[in-house]
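Understanding the architecture of this molecule
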Amino acid sequence: MKKLFTQSIVILLIFAGAVSGCKKDSTDTNTTPPPGSTPLCDGTTSTSYFPLAVNDQWKYSGSSDAYIATVLGIDTITSTPYYRVHYVEGSINDWSRYYRVASNGDVYYRDDSGTEYEYVPANPVVNASWAFPATFGIGSRVVVSVNDSVITSHCKYGNCVRINELDSHGNLITSYFYKQGFGEVRETIFTANDVYAVTFY
């Protein structure tokens, strides 16, 4: 009887170890990264609020459509190198914009006439403003905040810079949110009542 009892205890211990081992293996094979640990959420080590590198790509989804921005290459225009960022919205709407990174890290946008306008400063300061082309005439860009939080369907971004874009009459057109080391994470278009948030990087 004692021998039978001892054998039963041994069998139970072996079974318990097998079950425990199965549970451990199941946990170890879970490769799902924790929230905030992906490139989409973390960005890069760049200190720029609008980092540019050839082949970088961002996808933005809105309430009714989506668009993709891709850094296709560096084009030299009048002896000045510009990053060419190509935007594709749907199957027929696409366009390119040209950006230059100054030696101090400021990013400039070059319009179709060849005029440069500051786009995103390297060191944003609240209430700083500068001229920027609007749909009609010249409007402005204004730094509204340097510590906004943006929550998307995938990530939560802290310490974002919010830059408002105004038309020539001072009316708010769009708010852009930039995360250091990543770039634009959200765009709120007030004239179209739409919001675009980054969903892929």
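In what follows, the structure referred to is the one given above.
Before going into details, it helps to say that this report is about the structure given with it.

Conventions and cut-offs
- Residues numbered from 1 in each chain as written.
- Predicted model: local features only at pLDDT ≥ 70, side-chain atom pairs only at ≥ 80, totals over all residues.
- Heavy atoms only, no water.
- Disulfide = S-S within 2.5 Å.
- Helix = DSSP H or I, 4+ residues; strand = E, 2+ residues; numbered from the N terminus.
- Buried < 20%, exposed > 50% of the residue type's maximum accessible area, 1.4 Å probe, protein only.
- Salt bridge = Lys/Arg side-chain N within 4 Å of Asp/Glu carboxyl O.
- Phe/Tyr/Trp six-rings, centres within 6.5 Å; stacked < 30°, edge-to-face > 60°.

A few words on the state of the cysteines. A covalent bond between the sulfur atoms of two cysteines is what we call a disulfide. Evaluation of the coordinates by the stated rule reveals 1 disulfide. Put simply, Cys41 and Cys155 are joined by a disulfide, and their sulfur atoms are 1.9 Å apart. The sign of the -75° torsion about the S-S bond sets the Cys41-Cys155 disulfide as left-handed. You can see Cys41 sitting in helix α2 (residues 39-42) and its partner Cys155 sitting in the loop between β8 (138-151) and β9 (156-166), a full 114 residues away along the chain. Here Cys41 falls in the buried class, since its relative accessible area comes to 12%.

Tallied over the full model, the rule gives 4 salt bridges. Note that Glu116 and Arg100 form a salt bridge whose closest N and O atoms lie 2.7 Å from each other. With a gap of 16 residues between them, Glu116 in strand β6 (residues 116-120) and Arg100 in strand β4 (residues 93-101) connect regions that are remote in the sequence. Accessibility expressed as a relative area gives 28% for Glu116, which makes it partly exposed. Between Glu165 and Arg141 there is a salt bridge, and its shortest N-O distance comes to 3.0 Å. Remark: Arg141 occurs in strand β8 and Glu165 occurs in strand β9; sequence separation between them is 24 residues.

Bringing the packing of aromatic side chains into the picture now. Applying the stated criterion across every chain, the model contains 15 aromatic pairs. With a centroid separation of 5.6 Å and 40° between ring planes, the pair formed by Tyr109 and Phe132 is classed as tilted. In this pair, Tyr109 sits in strand β5 (residues 107-110) while Phe132 sits in strand β7 (residues 129-133), placing the two residues 23 residues apart along the sequence. Both rings, one in Tyr157 and one in Phe182, keep their centres 5.7 Å apart while their planes meet at 45°; by these two values the pair is tilted. Taken together, the residues span a long stretch of sequence, with Tyr157 in strand β9 and Phe182 in the loop between β10 (172-179) and β11 (183-189) at a distance of 25 residues.

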